[in-house]
Amino acid sequence: MKARKKSNWRAVIIAYLVAGAVVAAACVGAIGTAFREKLALGRAYGRFSQACAGGASRQELAEFARWADVEDVLLLDGQNQIRFSARGTMEGVLALEPADQQGKYLCDPARPGVYYHVIRSSVLRSLESMVEEDAHHEFEDEFFYLDGGAKKVYALHSLPNGNSGQRVFLIFSFAPVKHAQLLLRLTATAGTLFFMLYWALVALYVYRDAERHKLRGAIWGILALFTNLAGLLIYAVFKQLSFFCFKCQAVQNRGHVHCDNCGARLHGVCAACGKTIEHGAAFCPHCGKEQEPAEFSALFQ
Ligand SMILES: [Zn+2]
Ligand SMILES: [Zn+2]
């Protein structure tokens, strides 16, 4: 009975870990697949920004401009004159000025249909927000219906090109990842459910274990339900300090000679010195005589 209960818990823990690993692998796999192009772009940006730190060639600028979400890569001199446009979309001067009062967007009077949303390199590396459909709604609410016409909103990032005094401007038009928000929400939901299940299992384990030892299972279970690992720790310390019947596991007063639950004799007697010893002791703590397991168990029959 005792062994079966223990293996039940082992089966529950193994099932929990296996199910958790399978669901986690499925979530990571689905997100990794859905976001693989964005993740690759993030890594490419990491390499590209390092190339720019040492001074990137036009060849390197043109290579980065081949990524799907990149609208163009520009090289501007100190007077904001466009010296190089990797996709050939722009020429002349890029004169950026704030487009709104919060300074969230920039615009160039020479290109009235376009707004630029400045993004930091940390955003590019982690690729947050660029896949969020919400970001596009935000753009729409604030700009798309202003001035009586739709505005094109690009993400803009700039970094110095070595010590040349020139700057590289990266202009992005991020296509949203399909089902990105659904996948992220499902992953968050699965994570929450597994965490709640873990929490409930700790409380259930404490409740069942306390009941098995004839303790107040409901009280210990509720303590673990509210405090989780702290409750489990308190319960473990309490158990260490308690004395249980070797046969039925019921909690016993140390002064008991027989178990008040199953009647088993709780203490043995040393065959050599005749003093009372704990059940299952390998040696007598009084005289040091080794106890025979067979002879010992005969005492409790
Ligand atoms: Zn007992
Ligand atoms: Zn002895």
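For every chain, the first residue of the written sequence is number 1, and numbering continues from 1 onward in sequence order. Labels are handed out in written order, letters beginning with A for the chains and numbers beginning with 1 for the ligands. Owing to the predicted nature of the model, reporting of local features is limited to residues with pLDDT of at least 70; listing and counting of side-chain atom pairs is limited to 80 or more, with chain, interface and lining totals taken over all residues.

Draft legend 1. Inspection of the pairing of strand E1 (residues 70-76) at higher detail. Here a strand pair is declared whenever DSSP counts at least two bridges between the two strands. The secondary structure listing takes helices from DSSP runs of H or I that are at least 4 residues long and strands from runs of E that are at least 2 residues long, numbered from the N terminus. Looking at chain direction, E1 and strand E7 (residues 167-172) are connected through six bridges and run antiparallel. Residue pairing in the sheet places Val73 in a bridge with Leu170 of E7. Note that E1 and strand E2 (residues 82-85) share three bridges and pair antiparallel. The residue bridging Leu74 from the neighbouring strand is Ser85, located in E2.

Draft legend 2. Just the sheet that holds strand E5 (residues 114-118), in detail. Here we have seven strands laid out as an open sheet, ordered E2-E1-E7-E6-E5-E4-E3, and mixed in their pairing. Edge positions in the sheet fall to E2 and strand E3 (97-98), since each of these pairs with one other strand and no more. Taken together, the six bridges between strand E6 (residues 152-160) and E7 define a ladder with antiparallel strand orientation. Along E7, the bridge assignment pairs Leu156 with Ile171.

Draft legend 3. Just helix H7 (residues 217-227), in detail. Along H7, the positions that sit buried rather than exposed are Trp220, Gly221, Leu223 and Ala224. Seen end-on, H7 carries its buried residues on one side only, within an arc spanning 160°. In H7, those exposed residues whose orientation departs by more than 90 degrees from the buried face are Ala218, Ile219 and Phe226. A pair of residues counts as a contact when their C-beta atoms, built from backbone coordinates, are within 7 Å of each other. Looking at the buried side of H7, the elements it contacts are helix H6 (180-212) and helix H8 (229-241). Asn228 occupies a position one or two residues after H7 and carries a positive phi of about 50°. Around each residue's C-beta, the other C-beta atoms within 10 Å are counted; 20 or more make the residue buried, 12 or fewer make it exposed, and counts in between make it partly exposed. All C-beta atoms are placed from the backbone. Taken from the helix axis, the directions to the C-beta atoms give the arc we talk about.

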